[in-house]
Amino acid sequence: MASLLISGGRPLCGEIKIQGSKNAVLPLMAAALLLPGTTRLSGCPRISDVAAMAELLEQVGARVSWEEDTLCIDAATVHPIPLKQEDTRKTRASILLLGALLGRTQCCEMAYPGGCAIGSRPIDLHLKALRGMGYTVWEREELFCEGKGIAGADIYFTFPSVGATQNALLTAATIQGETRLHGVAREPEVQVLCRFLQKAGVRIDGIGTKNLKIKGSEVLMPVNEVVPSDRIVAGTYLVAVLAAGGNALLHCDCVRELAALVKPLRAAGAKIFELPEGIRVGAGERLTALDYLVTEPYPGFPTDMQSQVMALAAVCEGTTILEERVFEARLATAAQLKRMGAKIYLEENRAIIQGVSRLRGAAVEAGDLRGAAALVIGGLSAEGETLLAGYSYILRGYEDIVRDFTALGAELRLTESR
Ligand code: EPZ
């Protein structure tokens, strides 16, 4: 298993380009199955979740290839076959094949999806939406779904689930007539999928609101799309500069989507400037604490930034409270940061973080993607060396964190651990 060896204490200075968005491109890959012909996704990140999704697309008959940074998906012919656990468990996004295969072939048989160990991650909202749209769903060892979507369905979401919203969109895309979704997720990645489907020939009203009206079509066209910057990767690097010190320019097009993160950081003293080419961030003096932050569905403070902000709060002046309201088990990084000298107390779904002046390097282990990123941030800001086991989690969402942080002057390298 590869580990990451980080020599901390060096400020991060320079400029880097932020990769394409993992959580935007995975739904677009599923949506490509709806489109007979070749869809091209440029600026696609080379991450293991994309590779896992590409494997699944090929299993159902699509042909996937790379042309430089463009992922080409030829879905001229799609034939559903049972998708096995060893493949579907590699990424949470495999669940989106449900909606895409039902939309294209009206049937799907697949094992349950995977995803980071940050909670139980049920799919009840996905299945409730599909049943509400007229599909029959059997939940056994695996999932069996079939049927023809009915027009005129009203689907009510009791929680704005990102994935369930995306699955409902993928299924409604080929239903003739109107489908109305109420209480949907408004994440940028949902809006990107809506605009992609509009380009393919689907009529969608209400994009960015809690209610969507979709008029599907049987004749959809392939789409050429540019994958937007990854707002969570941008947020991760921005927080890393604040924790380690320095000044950097992050080339990206996701400044607006980071408002709920930037606001509390500015209040704590961070120098953050929104520029046409992206975000400039300067650490300035030691930040004061971030007071009380609660993770919420978009446009609230993003749960995918909670662990990284915990690593920053660990070295701010004062006490920060982070409350995790989206996933029920996403505070595990606290234990690893405490091995680095962080003062963190857990109370139900809250982490109370008393800032210390410096963390110290230690041997730590990641348990999920964003927790791993948080430990890299801890290692970059710490005194001494940090050995991070579980580097493979990073590869799920970060194209090349060693390349990016090295470009900003950090000293980190891969090493084989026993
Ligand atoms: C997407 O996961 C993202 N993953 C997650 O990012 C992100 O944290 C999450 O949205 C919230 O923003 C991808 O896009 C691939 P949800 P998803 O359905 O769709 C509960 C990362 O680090 N729920 O909005 O799985 C669920 O248990 C990953 O990049 C149900 O109860 O998130 C959770 O508590 C991590 N029943 C909450 O809703 C359901 O049927 C939010 O889940 C579905 C979800």
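Residues numbered from 1 in each chain as written. Predicted model: local features only at pLDDT ≥ 70, side-chain atom pairs only at ≥ 80, totals over all residues. Heavy atoms only, no water.

Description of the site of the ligand
Then comes step 1: If you check the shell around the ligand, you find 22 residues, and the closest are Asp 124, Leu 125, Ser 161, Asp 304 and Val 326.
Then comes step 2: Between the ligand and Asn 23 there is a distance of 3.0 Å, counted from an oxygen atom to a side-chain nitrogen or oxygen.
Then comes step 3: Interatomic distance of 3.2 Å between a side-chain N/O atom of Arg 121 and an oxygen atom of the ligand.
Then comes step 4: Here the ligand has 830 Å² of accessible area as a free molecule, and 90% of this is covered by the chains.
Then comes step 5: With respect to the pocket detection grid, the ligand is positioned in the largest pocket.
Then comes step 6: Of all elements in the fold, only helix H1 (22-31), helix H5 (124-132), helix H6 (162-172) and helix H12 (369-381) reach the threshold of two or more residues within the shell around the ligand.
Then comes step 7: Among the residues forming the shell around the ligand, the class breakdown is 9 nonpolar, 5 polar and 8 charged. (Near = heavy atom within 4 Å. Polar contact = N/O pair within 3.5 Å; in protein donor to acceptor, adjacent residues only side chain to side chain. Areas by Shrake-Rupley, 256 points an atom, 1.4 Å probe, with all protein chains shown as cover. 1 Å grid on protein atoms, 1.4 Å probe; cavity = no way out; pocket = protein on both sides within 12 Å on 5 of 7 lines; lining within 4 Å. Sits in = over half its atoms within 2 Å of the grid points. Helix = DSSP H or I, 4+ residues; strand = E, 2+ residues; numbered from the N terminus. Nonpolar A, V, L, I, M, F, W, Y, C, P; charged D, E, K, R; others polar.)

Structural notes on the packing of H1 against helix H7 (residues 188-200)
Then comes step 1: Remark: H1 packs on H7, axes separated minimally by 9 Å, with the N-to-C direction vectors making an angle of 35°. Here the hand of the crossing between H1 and H7 comes out right-handed. Taking contact as the criterion, the partners of Asn 23, Ala 24, Pro 27, Leu 28 and Ala 31 in H1 are, on H7, Glu 189, Val 192, Leu 193, Phe 196 and Leu 197.
Then comes step 2: Its residues assigned to classes, the contact of H1 with H7 shows 8 nonpolar, 1 polar and 1 charged. (Axes fitted to C-alpha atoms, helices over the stretch in contact; angles between N-to-C directions. Left-handed = near helix turned anticlockwise from the far one by under 90°. Contact = heavy atoms within 4.5 Å.)

Thoughts on the layout of surface pockets
Then comes step 1: Considered as a void within the structure, the largest pocket measures approximately 990 Å³ in volume.
Then comes step 2: For the largest pocket, the lining is made up of 44 residues, of which Arg 92, Arg 121, Val 162, Gly 163 and Phe 327 are closest to its centre.
Then comes step 3: Elements that contribute at least two residues to the lining of the largest pocket include exactly H1, H5, H6, helix H8 (231-244) and H12.
Then comes step 4: In terms of residue class, the lining of the largest pocket is built from 21 nonpolar, 9 polar and 14 charged.
Then comes step 5: Residues lining the lining of the largest pocket come from more than one domain, with at least three contributed by each of domain 1 (2-18 + 229-416) and domain 2 (22-226). (Points joined across faces, edges and corners; volume = space filled by probe spheres on them. Domains from an automatic or database assignment.)

Quick word on the domain arrangement of the protein
Interface size is commonly expressed as the accessible area that is lost once the parts come together.
Then comes step 1: Segmentation of the protein into domains returns domain 1 (2-18 + 229-416) and domain 2 (22-226).
Then comes step 2: A C-alpha centroid distance of 30 Å is found between domain 1 and domain 2.
Then comes step 3: Taken residue by residue, the interface counts 20 residues in domain 1 and 25 residues in domain 2.
Then comes step 4: Taking both partners together, domain 1 and domain 2 bury about 1800 Å²; carbon and sulfur atoms supply 52% of that area.
Then comes step 5: Looking at the side of domain 1 facing domain 2, the largest losses of area belong to Tyr 298, Arg 396 and Glu 399, adding up to 36% of the total buried there.
Then comes step 6: Our count for the domain 1 to domain 2 interface comes out at 2 salt bridges.
Then comes step 7: The salt bridge involving Arg 396 is made with Asp 49; its shortest N-O contact spans 3.2 Å. (Buried area = accessible area lost by both parts, 1.4 Å probe. Salt bridge = Lys/Arg side-chain N within 4 Å of Asp/Glu carboxyl O.)

Describing the sheet that holds strand S18 (residues 319-323)
Sheet strands pair via backbone hydrogen bonds, and the direction of the pair is either parallel or antiparallel.
Then comes step 1: Pairing is mixed in the open sheet, where 4 strands are placed in the order S17-S18-S20-S19. Both outer strands of the open sheet, strand S17 (292-294) and strand S19 (343-347), are each paired with one neighbouring strand and no more. Along the sheet, successive strands turn relative to each other by an average axial angle of 15°, direction set aside.
Then comes step 2: Pairing geometry for S18 and strand S20 (residues 350-354), over 5 bridges, is antiparallel. Directly across from Leu 322, in S20, lies its bridge partner Ala 351.
Then comes step 3: Against the sheet, helix H10 (residues 306-313) contacts S17, S18, S19 and S20, and its axis sits at roughly 170° relative to S18. (Pairing = 2+ DSSP bridges.)

As for the environment of Cys 44
Then comes step 1: Along the chain, the position of Cys 44 falls in the loop between strand S3 (38-42) and helix H2 (48-59).
Then comes step 2: A sequence separation of 14 residues divides Cys 44 from Ala 30, and the C-alpha atoms of the two residues are 14 Å apart.
Then comes step 3: The contacts of Cys 44, once residues within four sequence positions are left out, are Val 25, Val 50, Trp 66, Asp 69, Leu 71, Val 227 and Glu 399.

Brief notes about the pattern of salt bridges
Any two side chains of opposite charge can pair, given that their charged atoms come close.
Then comes step 1: One pass over the full model with this rule turns up 24 salt bridges.
Then comes step 2: Note that Lys 90 and Glu 55 form a salt bridge whose closest N and O atoms lie 3.0 Å from each other. Here the residue Lys 90 occupies a position in the loop between helix H3 (85-88) and helix H4 (96-105), and Glu 55 occupies one in helix H2, the gap between them amounting to 35 residues.
Then comes step 3: On the accessibility criterion, Lys 90 (34% relative accessible area) is partly exposed.
Then comes step 4: Judged by relative accessible area, which is 35%, Glu 55 ranks as partly exposed.
Then comes step 5: Here the salt bridges share partners, and the residues they tie into one network are Glu 55, Lys 84, Asp 87 and Lys 90. (Buried < 20%, exposed > 50% of the residue type's maximum accessible area, 1.4 Å probe, protein only.)

A word on H12
Then comes step 1: For H12, built from 13 residues, the straight-helix expectation of 18 Å at 1.5 Å per residue is met to within 8% by its first-to-last C-alpha distance of 19 Å.
Then comes step 2: For H12, the capping residue at the N-terminal end is Asp 368, with a side-chain oxygen 3.2 Å from the backbone nitrogen of Arg 370. (Expected span 1.5 Å × (residues − 1).)

Considering the side chain of Thr 88
Then comes step 1: On the secondary structure map, Thr 88 appears in helix H3.
Then comes step 2: Residue Thr 88 is classed as buried on the basis of its relative accessible area, which comes to 0%.
Then comes step 3: Separated by 2.9 Å, the side chain of Thr 88 and the backbone oxygen of Tyr 112 make a polar contact.
Then comes step 4: What Thr 88 contacts, discounting residues up to four positions off in sequence, is Leu 56, Leu 83, Ser 94, Met 110, Ala 111, Tyr 112, Pro 113 and Gly 114.

Focus on H4
Then comes step 1: In terms of residue burial, H4 counts as a mostly covered element, since 9 of its 10 residues are buried.
Then comes step 2: Among all positions in H4, only Leu 96, Leu 97, Leu 98, Gly 99, Ala 100, Leu 101, Leu 102, Gly 103 and Thr 105 are buried.
Then comes step 3: On its buried face, H4 is in contact with H1, H2, strand S6 (107-110), H5, strand S8 (143-146) and H6.
Then comes step 4: Taken from the residues just after H4, Gln 106 is the one with a positive phi, measuring 60°.

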